[in-house]
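Structural overview
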Amino acid sequence: MQHFQTRFLEEAEKFIASLDQKAARKVFYNIDLAEQTNDPKLFKKLQKDIWEFRTVFGGKQIRLLAFWDKNSKTETLVFATHGFIKKMDKVPANEIERAVNIRTKFFESKENK
């Protein structure tokens, strides 16, 4: 059963496109799995509104930050904001801040439509 659907905002798409093909395939595979399971190894809450998709590939920790949009009555969406290769255990605060800013702009532009 699918718990949510993932949509990719522009920066997330560019990041995935910058990965080598095998790494990108693994990211999509893990996101697909995360949509159907409740596994914190794949999709984990970082703070109030920001979550991360987690992929380890070729010794690299690939992260896509994301947020939920539950405003639709028919589907639950998760929007991936952007991605990065994680070099340390903690997610850098500036990456979380960036995701928060993208989320804020997303909902502002949605309200203005």
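First, a word on what this report is: a plain description of the structure on this page. (Residues numbered from 1 in each chain as written. Predicted model: local features only at pLDDT ≥ 70, side-chain atom pairs only at ≥ 80, totals over all residues. Heavy atoms only, no water.)

**Quick notes on the sheet that holds strand S2 (residues 43-47)**
The following threshold applies: Note: two strands are recorded as paired if DSSP finds a minimum of 2 bridges between them. Working definition: helices are DSSP H or I runs of at least four residues, strands are E runs of at least two. Numbering for both runs from the N terminus. Axis geometry follows a simple rule: fit a line to the C-alpha atoms, using only the stretch in contact for helices, then measure angles between N-to-C directions, giving values from 0 to 180 degrees.
Spatially, five strands are ordered S1-S5-S4-S3-S2 in an open sheet, and the strand pairing comes out mixed. The open sheet is flanked by strand S1 (5-8) and S2, the only strands paired with a single partner. On average, each strand axis in the sheet is inclined to that of its neighbour by 40 degrees, with strand direction left out of account. Where strand S3 (residues 50-57) lies against strand S4 (residues 60-69), seven bridges are found, and the strand directions are antiparallel.

**Quick look at the nonpolar core**
Here is the rule: What we call a nonpolar core is a set of buried Ala, Val, Leu, Ile, Met, Phe, Trp, Tyr and Cys residues that are connected through their side-chain atoms within 4.5 Å. Relative accessibility decides the category of a residue: with a 1.4 Å probe and only protein chains considered, values under 20% of the type maximum give buried, values over 50% give exposed, and everything between is partly exposed. Only heavy atoms enter the contact rule, under which two residues are in contact if any of them lie within 4.5 Å.
Ranked by internal contacts, the top residues of the largest apolar core, which has 18 residues, are Leu19, Val27, Phe43, Phe53 and Leu64. Secondary structure elements with two or more residues in this core: helix H1 (10-18), helix H2 (21-36), S4 and strand S5 (77-86). Residue contacts for leucine 19: discarding those within four places in its chain leaves Ala24, Val27, Ile62 and Ile85.

**Some points on the packing of aromatic side chains**
Just so we agree on the cut-off: Two rings from Phe, Tyr or Trp (for Trp, the six-membered ring) form a pair when their centres are within 6.5 Å of each other. A pair whose planes differ by under 30 degrees is stacked, one over 60 is edge-to-face, and the rest are tilted. Lysine NZ or arginine CZ positioned within 6 Å of the ring centre and within 35 degrees of the ring normal marks a charge as sitting over the ring.
Evaluated as defined, the whole model comprises 13 aromatic pairs. Each member of the aromatic cluster is reached from another via a ring pair, and the members are Phe4, Phe43, Trp51, Phe53 and Trp68. In this arrangement the basic side chain of lysine 70 is found over the ring face of tryptophan 68, its NZ or CZ atom lying 5.0 Å from the centre.

Fair warning: the whole summary comes from geometry, so function is off the table for now.
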